[in-house]
Amino acid sequence: MPSSLIRGKYVLCRSLNHQDIEVIDDGAIYQENGVIVDIGSHADLAAKYYPDQVLGSSEHIVLPGLINSHHHVGLTPLQLGSLDVPLEPWLANRIGDRAVDLYLDTLYSAFEMIESGVTTVQHLHDVLPDDPSQWHPAANQVIRAYQQIGMRVAYCFSMRVQNHAVYESNAEFVQQLPHEIASEISQLLKPREVPIQDYLDFFEQLWQSWGENQQSHVRLQLCPANLQWCSDDDFMAIQAQAKKLNVLVHMHLLETAYQKIHAHKRSGKTAVHHLDDLGFLGSHLTLAHGVWLTEADIERVAATKTRICHNASSNLRLQSGIAPLTEYLKRGVTVSMGIDEAGINDDRDMLQEMRLTLKLHRIPGIDESVPTTTQVFQMATEYGAKTTGFAREIGTLEVGKAADLVMMNWHHIAYPYLDRGVPLIDAILHRSRTSGVETVMVNGAVILNHGKFTNVDKAAVLQELAASLKVPLTANEQHRRGLAQQLVPHIKHYYEGWLNSHQPQPFYCQNSRF
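Residues numbered from 1 in each chain as written. Predicted model: local features only at pLDDT ≥ 70, side-chain atom pairs only at ≥ 80, totals over all residues. Heavy atoms only, no water.

With respect to the overall build of the chain
Our working rule: Under the scheme used here, helices are H or I runs from DSSP no shorter than 4 residues and strands are E runs no shorter than 2 residues, and both carry numbers assigned from the N terminus. Throughout, radius of gyration means the C-alpha value; the globule benchmark is 2.2 Å times the number of residues raised to the power 0.38. Residue burial is assigned from relative accessible area. The probe radius is 1.4 Å, only protein chains are included, and a residue is buried under 20% of its type maximum, exposed over 50%, and partly exposed in between. Every residue pair with non-hydrogen atoms within 4.5 Å of one another is taken to be in contact.
If you tally the helices and strands in the chain, you get 21 helices and 19 strands. Taking 2.2 N^0.38 as the reference for a compact globule, 514 residues should give roughly 24 Å; the C-alpha atoms of the chain span a radius of gyration of 23 Å, in line with that estimate. Considered along the principal axes of its C-alpha atoms, the chain spans approximately 80 × 55 × 45 Å. Looking at the chain as a whole, 59% of its 514 residues qualify as buried. Long-range contacts, defined as pairs at least 24 residues apart, comprise 76% of the intrachain contacts of the chain with a sequence gap of at least 6.

Considerations on the pattern of salt bridges
For clarity, the threshold we go by: One speaks of a salt bridge when a side-chain nitrogen belonging to Lys or Arg is within 4 Å of a carboxyl oxygen belonging to Asp or Glu.
The tally for this structure, following the rule as stated, stands at 21 salt bridges. Notably, a salt bridge pairs glutamate 204 with lysine 244, separated by 3.1 Å at the nearest N-O pair. With glutamate 204 in helix H7 (residues 196-209) and lysine 244 in helix H8 (residues 232-245), the pair connects residues that are 40 residues apart, well separated along the chain. Ionic pairing is found between arginine 266 and aspartate 232, a salt bridge with its closest N-O pair at 2.8 Å. Of the two residues, arginine 266 is situated in helix H9 (residues 257-267) and aspartate 232 in helix H8; the sequence distance between them amounts to 34 residues. The class for arginine 266 is partly exposed, based on a relative accessible area of 26%.

Topic: the packing of aromatic side chains
Put simply, the rule is: Stacked, edge-to-face and tilted labels apply to pairs of Phe, Tyr and Trp rings (six-membered ring for Trp) whose centres lie within 6.5 Å, assigned for plane angles under 30 degrees, over 60, and everything in between, in that order. Each ring is checked for a lysine NZ or an arginine CZ that lies within 6 Å of its centre and within 35 degrees of its normal; such an atom marks a charge sitting over the ring.
All told, the structure shown has 17 aromatic pairs when counted by the stated rule. Ring centres of tyrosine 167 and tryptophan 498 lie 6.5 Å apart, and the angle between their planes is 55°; on these two criteria the pair is classed as tilted. Highlighted residues: tyrosine 167 in the loop between strand E8 (152-157) and helix H5 (170-175) and tryptophan 498 in helix H21 (residues 498-501), separated in sequence by 331 residues. Just as tyrosine 167 is buried, tryptophan 498 falls in that class too. Geometrically, the ring pair formed by tyrosine 494 and tryptophan 498 is tilted, given 5.6 Å between the ring centres and 50° between the ring planes. Since its relative accessible area comes to 14%, tyrosine 494 is described here as buried. Put simply, the rings of Tyr167, Phe173, Tyr258, Tyr494, Tyr495 and Trp498 touch in pairs and so form one group of aromatic residues. Just above the ring of tryptophan 229 sits the side chain of arginine 160; from NZ or CZ to the centre is 4.2 Å. In this arrangement the basic side chain of lysine 265 is found over the ring face of tryptophan 498, its NZ or CZ atom lying 3.6 Å from the centre.

Re the sheet that holds strand E12 (residues 307-310)
The condition that has to hold: Following DSSP output, two strands are said to pair if at least two bridges run between them. In this analysis, axes come from line fits to C-alpha atoms, helices being fitted only over the stretch in contact, and the angle between any two N-to-C directions falls in the range 0 to 180 degrees.
Across the sheet, 4 strands lie side by side as E10-E11-E12-E13; this open sheet has parallel pairing. On the outer flanks of this sheet lie strand E10 (249-253) and strand E13 (335-337), each paired with one strand and no other. In this sheet, neighbouring strand axes are inclined to one another by 30° on average, regardless of whether the strands run parallel or antiparallel. When E12 meets E13, the two strands line up parallel, connected through 3 bridges. Paired with cysteine 309 across the two strands is serine 336, which belongs to E13.

Focus on the nonpolar core
Short version of the rule: The criterion is simple. A nonpolar core is a set of buried Ala, Val, Leu, Ile, Met, Phe, Trp, Tyr and Cys residues joined through side-chain atoms within 4.5 Å.
Formed by 105 residues in total, the largest nonpolar core has its most connected members in Ile149, Met151, Tyr155, Tyr199, Leu222, Leu253 and Met354. Excluding its chain neighbours within four sequence positions, the residues that come into contact with tyrosine 199 are Leu128, Trp135, Phe157, Ser158, Met159, Arg160, Val161, Arg192 and Val194. With 25 residues, the next largest nonpolar core counts Ala165, Phe173, Val488 and Trp498 among its residues.

Describing a positive patch on the surface
Using the following cut-off: Patch membership is restricted to residues that have no salt bridge and whose relative accessible area is over 30%. Joining uses 9 Å for like charges and 5 Å for the nonpolar side chains Val, Leu, Ile, Met, Phe, Trp and Tyr. The accessible surface values rely on the Shrake-Rupley method and a 1.4 Å probe; as for residues, cover is taken only from the protein chains in view. This count recognises Lys and Arg as positive and Asp and Glu as negative, with His and chain-terminal groups excluded. Where a charge sits is defined by one atom per residue type, namely NZ (Lys), CZ (Arg), CG (Asp) or CD (Glu).
Taken together, Lys359, Arg362, Arg431 and Arg433 make up a surface patch of like positive charges. The topology assignment puts lysine 359 in helix H14 (residues 350-360).

A short note on the pairing of strand E14 (residues 405-409)
Consecutive residues of a regular strand have side chains that alternate between opposite faces of the sheet. Burial analysis of E14 places 5 of its 5 residues in the buried class, the great majority of the element. Every second residue of E14 is oriented toward a common face, with Leu405, Met407 and Asn409 on one face and Val406 and Met408 on the other, all of them buried.

Here we look at the environment of methionine 337
Residue position: methionine 337 is located in strand E13. Look at methionine 337 and you get buried, because its relative accessible area is 0%. Separated by 48 residues in the primary sequence, methionine 337 and histidine 289 have C-alpha atoms spaced 9.5 Å apart.

Considering helix H6 (residues 179-189)
This is how it is decided: This arc is built from the directions going out from the helix axis to the C-beta atoms.
All of the buried residues in H6 are Ile181, Ala182, Ile185, Leu188 and Leu189. What you see down the axis of H6 is that its buried residues fit within an arc of 130°, all on one side. For H6, the exposed residues lying more than 90 degrees away from the buried face are His179, Glu180 and Gln187. Looking at the packing, one finds that the buried side of H6 touches H5 and helix H20 (475-494).

Focus: H20
Threshold: Multiplying 1.5 Å by the residue count of a helix minus one yields the expected span of that helix. At every residue, the bend is computed as the angle between two fitted axes, covering the seven residues ending there and the seven beginning there respectively.
Here H20 contains 20 residues, and its C-alpha end-to-end distance of 29 Å stays within 8% of the 28 Å for a straight helix at 1.5 Å per residue. Along H20, the sharpest kink reaches roughly 30°, centred on leucine 487 and followed within four residues by the proline proline 489. Those residues of H20 not exposed but buried are Glu477, Arg480, Leu483, Ala484, Leu487, Val488, Ile491 and Tyr494.

Some points on the packing of helix H3 (residues 102-115) against helix H4 (residues 135-149)
To keep things clear, this is the line we draw: Crossings are assigned a handedness: left-handed for a near helix turned anticlockwise from the far helix by less than a right angle, right-handed for a clockwise turn. Residue classes follow a fixed rule: Ala, Val, Leu, Ile, Met, Phe, Trp, Tyr, Cys and Pro count as nonpolar, while Asp, Glu, Lys and Arg count as charged, and any other residue, Gly among them, counts as polar.
Direction vectors running N to C along H3 and H4 enclose 35°, while the axes themselves pass 8 Å from each other. Pair H3 / H4 crosses with right-handed handedness. Mapping the contact onto sequence places Leu102, Tyr103, Thr106, Leu107, Ser109, Ala110, Phe111, Met113 and Ile114 in H3 and Ala138, Gln141, Val142, Arg144, Ala145, Tyr146, Gln148 and Ile149 in H4. In terms of residue class, the contact of H3 with H4 is built from 12 nonpolar, 4 polar and 1 charged.

Below is the structure:
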């Protein structure tokens, strides 16, 4: 691997506190074998080292690679025909999604992520194939796509052991369906009723085949999909394996108000209280979404050092609510950021997601505490590194860490004018666009060079993906789509009255506590 001297008008190294960023004016980074050896002024480093290549210039800014800490698919649900509706019927509607080549699909979203400065992604594989013999090939397709393009990936697959249609057992729900579809829905759900041990055995095999989390670019995490989809015994088994293999855990929790109500029906407690009583909370665990927590829940999360992944776009698009980010930050919770299935623009633009997160939580009041640009930057870098399992290697630009970084041209931010009094981090978060991302480096290797991918032919991949989807839907796909259309009204009927029985009271914006 060639050594590099990377120059910038500004080199943004890391967040120092809620307000300040460590910045080196006219700075440079010297890396060898993917590791940052030195950081300082360009004049000093240029005189000291003789690199194989020089990147950047006095008209560039250099910052740590961004981290998308919660991601699912390539082609967005909207592209596949699922319109934005509340999560519960939305999940049922996605039964009708057509099959897409996993390798090509993964590359499709990787292109968009890298073009917006993302170097690392937490990929949650939502539904494994019905045939267990295809689990390993399916997971490998996803991981190898990231490996091919040069990104880092923390991969996990969702463990949904129960309640696949609604928040009660499959058998109980099927009994409520009309006779003409009950049998077919039962047959559709049956292959998904996989014992937790089968999932855990597969995870250990996959973990071993990908180097037991010792490879530079790949981490494996466990993923109980959500509280309603696993039993208490399942959580205990997952916790035991996490400790045995020393791996992190990533799960959805309290994404919707219906999930909050389900938790009370299940145990008479909040979901966070219940997981805490099980001993499941801790610094090994990241809770994605975390929209419907109470104040007491947030205190538990903070006390146990459990982490949160904020998903602003998804929460808005699926009417889930607005997560209490300011309350998390006040209590020192580590909060990362994820784009989920797709951002507010139906793409994977991390720069846009940062802006949305910054501006979504501006609570009215002159003296109200709101997220700062520095905190949002930290969510998308250093804190993302923690939740994805790469904290030792990435997230900040420091000597000894990996050379994962992004170079943007300063012109697209400052031209035709930018007042000198505007803080640098504010200028970047408010004004940077994907058009200004020129070069992306991972572990010292350039994977995007002046807007061109170095490892994969983007045009060829998109052409192959488009061609693969020009064929008509298969008979099975047509059948599933018809079943989804018949099922959705019954899903909606199942949840009728749930919110009426627990009238929300204001807590955080439009969210509530009981």
